[in-house]
Every structure is written in C-alpha cells, then in structure tokens.
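Per-entry structural report
Below are the chains, spelled out letter by letter.
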Amino acid sequence: MPIPARIEDDLPFLTSLRRDLHAHPELGFEEERTSAIVARLLEEAGITVHRGLGGTGVVGTLQVGNGTRRIGLRADMDALAMPEMADRPYKSTVPGKMHACGHDGHTTMLIGAARHLAATRGFSGTVHFIFQPAEEGRGGAKRMVEEGLFELFPCDAVYGLHNMPGLAVDEMAVVAGPQLASSDSWRVTFRGTGTHGAKPHLGRDPITAAGTFLSSLQTIVGRVVDPLQPAVVSACSLHAGDPKALNVIPDIVEIGGTARAYSPEVRDQLEHEIGRLAAGTAAMFGIAAEYGFERRIPPVVNDADATERALAAAAEVFGDKVVTRFPPSTAGDDFAFFGQQAPGCYVWLGNGPAVDGALHHNTAYDFNDDAIRPGVAFWTRLVERELAAG
Ligand SMILES: [Zn+2]
Ligand SMILES: [Zn+2]
C-alpha cells in the first residue's frame, strides 16, 4: 500500500520529535516533559485530552461520525535507568537514563497516527490514544486500569505495538496466542544458625542448603512442568555472609529471582513448586525457609479476533512482509493488564538489524527512525478498518 502523502509529509516533524524524546528520557511515573509534549500535540490536533491518569498517563480521544465501536491504541513513554554509551547527535542528555527499549519511537508513532487521523477523519467511531507511563517494571498499565481507564474510556478492543530488532522495518509480526510471558518475582530466605566456620556442627549452615536449593531449581522446569509448556525460573540475586569474614557461617541466605510462563496453570505451578523446593530443602537441612512470590504482570495473549483485525491492517501496509509465525518472547509487557479488560492484540514492528549487536535494554540501542513511516501507517489503517465508515 502506498503510504498516505500526509504521513510522508509529517515524517520530518515526527523524526525530530522522536530524537527530542530520545535526548530527554524520563523514568516511569516521571514522564512530566514527555506527557506534556504528548498532551500539547494531541490538543493542537483537535483531540480531546485527559491528563494525569496513572500519574503521568495521557489519553487522547477522537470521535468521528456516529459509529459506536471504540478501540484503544497503546504507546508507552518511559525510559530506563541506564547510561547511554553510543554517541549520536541526539544522545541522552540525562546521565543514567536512556531510551533503550524504543518507547520514544512508540510515543512518536502514536502521535503521528493521531495527527493523521484527526486531520483526515476517515472512520466512524471512537479511538482512544493511550499514552502509558511506567511500562518498565513500575506498574503503569495496572495503575491506569485501577484509576478507571476502561470505565472512563471503554474499549471494544485494545492494541499494543513494540519495536523488534531482527525484523526488517518493512516487516511486522502479527500472531495469535501468547506473545509475552508472565513476569513474576520470588524470594527465598534460608534461616539457619550461624556459627564459627571451623565448627559447622555447632550451627545449622544455610549456605549449603542454598547451594542444594539452587542446584535443584532447574528440576522444576526440567522435571515438573509439562515439556510442551514453556517456563523459565531464574535465580538472579544471592546474598549471604561477608567477604571480609571468611571464618563465619552466617545465619541467613537470601535468594531472589524471576519466573516466567505463558499459561495461568504453569504460572500457578511455578509459584507452588519454588516454594515447595525451598521448604523441602530447609527441612532436609534442619533450618527454616521463608518464601514470597509476587505476581507482577500476567502473560500477553493475543485474542484471535483482534489478531485477525490487526493482521488485515498489517497486510495492507506490509503486504507479503507480514510475519505470521514468530516466536513469543520470555520478556513481559504490562500491556497484559489492558488485554485483560478488552480483547487485545500486541504486534511486533521491525526495527531493522541489531546494530553492533545492540538489542533491547543495551546501552547502545536505538529506535530506528525508518520504522516511523510503516508504524504510523499501520496504526492509521487499523483504525480506518476497525472503525470503517458505513
Ligand atoms: Zn523494555
Ligand atoms: Zn519496551
């Protein structure tokens, strides 16, 4: 499909907006500057703006004609607490913060679509442009939902988009079913009896218990979970003792990590089994174990009907470059909370080859400005198809 001339003409503006956002990254719930720019641009386009939903969240609503269907499009606005190491003219101006996940591009593309749709109004119905704060682990989507996102702005379907290095910028992956895993945190504390390192028999050693626990941890995925069901359990933090006290067996060992799954059943299983292994190991060593499992975000699972609609729009823009077989990611995205409120579809837009091997959350990562054009075209075609004027 040829890209509408109005979108082509807007590309210089959108590219400079993307680079400006890149140079001024803000962390989750701190997107004051970004959300002010978003709100101003939406208002200038004649779109009704609601600010301050979920802290720094912004929702723009554009209603055209008398169509009754309502859809939501989501872009995330936050950056990451990490330094930008690559040199580029629009490099982060804020030490220790950078747009390493391309959310600067997501915000820009949804603004581009809003500007185009507000100018052309080629649909009948209501579209909510949802600019979400704090996607990166700080709970922005959940907070928007808790503060009434879907009561204030009811949606019959909701769509999300993420850039994906490794796919070309003229490619988009649209796949039904699981896209991103649940992302939960767990903690185990082994509590023994500290003693002299030379006299272990006078205490109860939690370090040896922790070693046994860790060496058994992968048996949950390998021996308990159905081999046809993906699951990840990783220990990512381990703390015990003091490197300056090498003759002291400590009282406690603290271990923490993450658990990932695509189905509610496996998610329940991981929660239960990690705790069971911790309790069993503690019993074996005659010590105590404390266990906590924090459910952070559910899996993103694309609804079949919403996926079909997204696929039809993507096919118009990307032609035979639409990818319908694409592996799910074991990362998470709190778009999952939106997908629990309305049938949802989350698509992957190509970001081109990984430059110097830099992938998401790498200190050299950058959103590819060549993806703005197809990204804006996809959002606008999706709205025009979803809310087709009689
Ligand atoms: Zn990210
Ligand atoms: Zn991201």
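Up top is the structure.
One structure accompanies this document, and this report is about it.

Cut-offs used in this document
Residues numbered from 1 in each chain as written. Chains lettered and ligands numbered in written order. Predicted model: local features only at pLDDT ≥ 70, side-chain atom pairs only at ≥ 80, totals over all residues. Heavy atoms only, no water. Donors = N, O, S within 2.8 Å, 3.2 Å for Na, K, Ca; no water. Helix = DSSP H or I, 4+ residues; strand = E, 2+ residues; numbered from the N terminus. Buried < 20%, exposed > 50% of the residue type's maximum accessible area, 1.4 Å probe, protein only. Core = buried A, V, L, I, M, F, W, Y, C linked by side-chain atoms within 4.5 Å. Contact = heavy atoms within 4.5 Å. Salt bridge = Lys/Arg side-chain N within 4 Å of Asp/Glu carboxyl O. Phe/Tyr/Trp six-rings, centres within 6.5 Å; stacked < 30°, edge-to-face > 60°. Lys NZ or Arg CZ within 6 Å of the ring centre and 35° of its normal. Pairing = 2+ DSSP bridges. Right-handed = clockwise from strand over helix to strand, strands pointing away. Axes fitted to C-alpha atoms, helices over the stretch in contact; angles between N-to-C directions.

Here the zinc ion (ligand 2) is held by the protein donor atoms Cys101 (SG), His103 (NE2) and His162 (NE2), which lie 2.1 to 2.3 Å from it. Spacing between the donor residues of the zinc ion (ligand 2) along their common chain follows C-x1-H-x58-H. A separation of 3.1 Å is found between the zinc ion (ligand 2) and the zinc ion (ligand 1), both of which receive a donor from Cys101. Highlighted residues: Cys101 in the loop between β3 (70-76) and α3 (103-120) and His162 in strand β5 (residues 157-164), separated in sequence by 61 residues. Here the two residues Cys101 and His162 agree in accessibility, since each one is buried.

For the rest of this paragraph, the subject is the nonpolar core. Counting residues in hydrophobic clusters, the biggest one holds 55 residues, and the most contacted among them are Leu73, Phe129, Phe131, Phe378 and Trp379. In this structure Phe131 touches Val38, Leu42, Gly57, Val58, Ala75, Met77, Thr107, Leu110, Ile111 and Met144, once residues within four positions along its chain are discounted. Core analysis: the second largest hydrophobic core is formed by 25 residues, Phe150, Ala173, Leu180 and Phe335 among them.

The full count for this structure, using the stated rule, is 32 salt bridges. Note that Asp104 is salt-bridged to Arg18, the shortest N-O span being 2.7 Å. With Asp104 in helix α3 and Arg18 in helix α1 (residues 5-23), this pair connects stretches of sequence that are 86 residues apart. Accessibility assignment for this pair places Asp104 and Arg18 in one class, buried. A salt bridge links Arg295 to Glu271; its shortest N-O distance comes to 3.0 Å.

What follows concerns the packing of aromatic side chains. A full pass over the atoms with the stated rule returns eight aromatic pairs. Ring plane angle 50 degrees and centroid distance 6.3 Å describe the contact between Phe326 and Trp348, whose orientation is recorded as tilted. Taken as a pair, Phe326 in the loop between β15 (322-323) and α10 (336-339) and Trp348 in strand β16 (residues 344-350) lie far apart in primary sequence, 22 residues in all. Positioned above the aromatic ring of Phe13, the side-chain terminus of Arg115 is 3.9 Å from the ring centre.

Quick look at the pairing of β3 now. Taking burial as the measure, the seven residues of β3 include six buried ones, the bulk of the element. Pairing of β3 with strand β4 (residues 125-132), which is carried by seven bridges, proceeds in the parallel orientation. Bridge assignment links Gly72 to a residue of β4, and that residue is His128. The parallel pair β3 and β4 is bridged by α3, and the resulting crossover is right-handed. With four bridges connecting them, β3 and β5 associate as parallel partners. Residue pairing in the sheet places Leu73 in a bridge with Tyr159 of β5.

An order of β1-β2-β4-β3-β5-β16-β6-β15 is seen for the eight strands of this open sheet, with the pairing classed as mixed. Pairing within the sheet leaves two strands with one partner each, and these edge strands are β1 (48-51) and β15. Looking at chain direction, strand β2 (residues 58-64) and β4 are connected through seven bridges and run antiparallel. Counted as the bridge partner of Gly60 is Phe129 from β4. Contacting β1, β2 and β4, helix α2 (residues 32-44) crosses the sheet at an angle of about 160 degrees to β1.

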